[in-house]
Amino acid sequence: MSKTFHIATLGCKLNYSESSHIARELQAQGFENASHPDYFILNTCTVTGIAEKKARGLIAQFYRKNPNAEIIVIGCFAARDKSLIENLPGVTKILGSENKMEIIPYLSEQNSKAPQTSNLIPHTSNLILQTSETSSFFATFSSNDRTRSFLKIQDGCDYHCSYCAVARARGESRSDTIENAMINLEKIAQLNCKEVVLTGVNTGDFGRKNGETFFQLLNEINTHKPIERVRISSIEPNLLTNEIIHLTANSTVLMPHFHIPLQSGSDQVLAAMKRRYKTALFAEKVHQIKSAMPHACIAVDVISGFPTETEENFEETVRFLNGLPISYLHVFSYSKRPQTPAAEMKSQVKDSVKKERTNILLQLSETKKANFYKEHLHTQRAVLFEEDVKNGMIFGFTDNYIRVSAPYNEQLTNQIINIELTKYNTHSNF
């Protein structure tokens, strides 16, 4: 009888890409996905304390539901501090970010009649191992969504921002090669997937240690067009070059959609965060995008309540964001991460103040998003419809990431259709 597994994922698109790869490989080796499995795998996140609390809660919940199963915890939380996990009931194995892919040979050994050594990495269709002094890179892509795939092209980070535990959990920056990324794009296209999101911890750092650049990868994609749509998941403002903006503006494959971390609109706070740019550079990049692509979507990450952030600093951030032609915000309340410089700063902001500032930024985001959407009323955009159906409506996204709904028609699924955006709805958007 085949062994069964279930994998749950917390955190970023990178984690979802890796979880999908693990599931695909286990199924290829005869495992079956099940709701009451022999092995429960949890791929964790350590960006915030809330993400770690969710991980512990899922472990407890699963143990209560199926106490005879093995619980295997992998990923960033496991890498940051396994002592917070190892004594939880049901947990039998912990694998950090560096060695999470060892779960495949480990479970293969558990299930195989001819056991293999658990530290061997089996040959797989898209698993690439590149070694450096301290790190390995594994290329993965998600395949559980017929419409969109997340392709991991980079991992780790060398920036070490003062608030972030991810660099420590994920290790040093490393990446795939252009050649292998193109091979994986072609494999994704063969799955009849129409859109790929290029993911990484610091995506714009792609290729730096291989003698390649992110622009070269994007240019190769734009030249050969292995798939119909490609998005960049996130890119640091100091790595978003003018040539990347120009290439995107003149491409039919690279979508006019940018996700750029700002974190604060105060240069004083950015310095305390150890970010590698000032607000002037960020504003310059936003205006360059809008000059080349007035219709482009620009999403911005911002953190509220960072230690040392005064009321004046926060008001400066609100004014800065309010004056930029951005589309919406991803807002995060600062979460103290152990063993980071920010956690030791004396001027910690009260939770009540963080909550208040977060709500102000969320309201600003809603206003920005509504204005961006309304700007596109009565225009035509190319929409990729997904397998997302609710109340007789099918949903999809335009090239510039506007969410659209239309009366359900099975033939629309996974198709790119030019439609007119006729009515703005605060719930379903268009």
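Read on for an overview of the structure. (Residues numbered from 1 in each chain as written. Predicted model: local features only at pLDDT ≥ 70, side-chain atom pairs only at ≥ 80, totals over all residues. Heavy atoms only, no water.)

Quick look at the pattern of salt bridges
Logical step 1: Here the structure, examined in full by the defined rule, presents 22 salt bridges.
Logical step 2: Notably, a salt bridge pairs D155 with K152, separated by 3.2 Å at the nearest N-O pair. Assigned by exposure class, D155 and K152 land together as buried.
Logical step 3: The partner of R229 in a salt bridge is E195, with the nearest N and O atoms 3.5 Å apart. You can see R229 sitting in strand 12 (residues 229–232) and its partner E195 sitting in strand 11 (residues 195–199), a full 34 residues away along the chain. Accessibility classification places R229 together with E195 in one group, the buried group. (Salt bridge = Lys/Arg side-chain N within 4 Å of Asp/Glu carboxyl O. Buried < 20%, exposed > 50% of the residue type's maximum accessible area, 1.4 Å probe, protein only. Helix = DSSP H or I, 4+ residues; strand = E, 2+ residues; numbered from the N terminus.)

Points about the sheet that holds strand 5 (residues 91–95)
Logical step 1: What the five strands build is an open sheet, ordered 2-1-3-4-5; its pairing is parallel. Here the strands that pair on one side only, and so sit at the sheet edges, are strand 2 (32–33) and strand 5.
Logical step 2: In this sheet, strand 4 (residues 70–75) lies alongside strand 3 (residues 39–44) in parallel orientation, the contact comprising six bridges. Note on strand 4: the bridge partner recorded for T44 is G75.
Logical step 3: Here helix 1 (residues 13–28) sits on the sheet and contacts strand 1 (4–9), strand 2, strand 3 and strand 4; the angle it forms with strand 1, its principal contact strand, is near 175°.
Logical step 4: Along the sheet, helix 4 (residues 103–111) contacts strand 3, strand 4 and strand 5; its crossing angle with strand 4, the most-contacted strand, is approximately 165°. (Pairing = 2+ DSSP bridges. Contact = heavy atoms within 4.5 Å. Axes fitted to C-alpha atoms, helices over the stretch in contact; angles between N-to-C directions.)

Thoughts on the sheet that holds strand 19 (residues 416–420)
Logical step 1: Pairing in this open sheet of four strands is antiparallel, and the strands run 18-17-16-19 from one edge to the other. In the strand order of this sheet, the two ends are held by strand 18 (403–407) and strand 19, each with one partner. Within the sheet, the average angular offset between the axes of one strand and its neighbour, ignoring direction, is 50°.
Logical step 2: Sheet topology places strand 16 (residues 380–390) next to strand 19; five bridges connect them, and they run antiparallel. Bridged to L384 within strand 19 is I416.

Quick look at the environment of S251
Logical step 1: Locating S251 in the fold gives a position in the loop between helix 8 (242–249) and strand 13 (257–263).
Logical step 2: Separated by 75 residues in sequence, S251 and D176 place their C-alpha atoms 23 Å apart.
Logical step 3: Within the structure, the side chain of S251 is placed 2.9 Å from the backbone nitrogen of L254, a separation counted as a polar contact. (Polar contact = N/O pair within 3.5 Å; in protein donor to acceptor, adjacent residues only side chain to side chain.)

Some remarks on the nonpolar core
Logical step 1: The biggest cluster of nonpolar side chains holds 63 residues, and the ones touching the most others in it are L198, F214, L217, I221, I289, L321 and L329.
Logical step 2: Leaving out residues up to four positions away in the same chain, L198 has contacts with L151, I153, T203, F214, L218, I221, V230, R231, I232 and S233.
Logical step 3: The next biggest cluster of nonpolar side chains, apart from the first, holds 17 residues, and it includes F5, I22, L26 and F31. (Core = buried A, V, L, I, M, F, W, Y, C linked by side-chain atoms within 4.5 Å.)

So, the packing of helix 11 (residues 311–322) against helix 12 (residues 351–374)
Logical step 1: For the pair helix 11 and helix 12, interaxial distance at closest approach is 11 Å and the crossing angle is 5°. With respect to helix 12, the element helix 11 is oriented roughly parallel. Contacts from E311, F314, V318, L321 and N322 of helix 11 reach helix 12 at R357, I360, L361, L364 and K368.
Logical step 2: Its residues placed into classes, the contact of helix 11 with helix 12 shows six nonpolar, one polar and three charged. (Parallel < 35°, antiparallel > 145°, perpendicular 65-115°, else oblique. Nonpolar A, V, L, I, M, F, W, Y, C, P; charged D, E, K, R; others polar.)

Examining the packing of aromatic side chains
Logical step 1: Under the criterion given, the structure shown has nine aromatic pairs.
Logical step 2: Measuring from ring centre to ring centre gives 6.3 Å for F31 and Y39, while their planes differ by 65°; the resulting arrangement is edge-to-face.
Logical step 3: With a centroid separation of 5.7 Å and 75° between ring planes, the pair formed by F306 and Y334 is classed as edge-to-face. Here F306 is found in the loop between strand 14 (297–304) and helix 11, whereas its partner Y334 is found in the loop between strand 15 (328–333) and helix 12, with 28 residues between them in sequence. (Phe/Tyr/Trp six-rings, centres within 6.5 Å; stacked < 30°, edge-to-face > 60°.)

Some thoughts on the packing of helix 8 against helix 10 (residues 279–292)
What describes two packed helices is the angle between their axes and the distance between those same axes.
Logical step 1: Orientation of helix 8 relative to helix 10, taken along the N-to-C sense of each, is 25°, at an axis distance of 10 Å. One way to sum up the angle between helix 8 and helix 10 is to call them roughly parallel. As helix 8 runs across helix 10, the sense of the crossing is right-handed. In this structure, helix 8 contributes N242, I245 and A249 to the contact, and helix 10 contributes K285, Q288, I289 and A292. (Left-handed = near helix turned anticlockwise from the far one by under 90°.)

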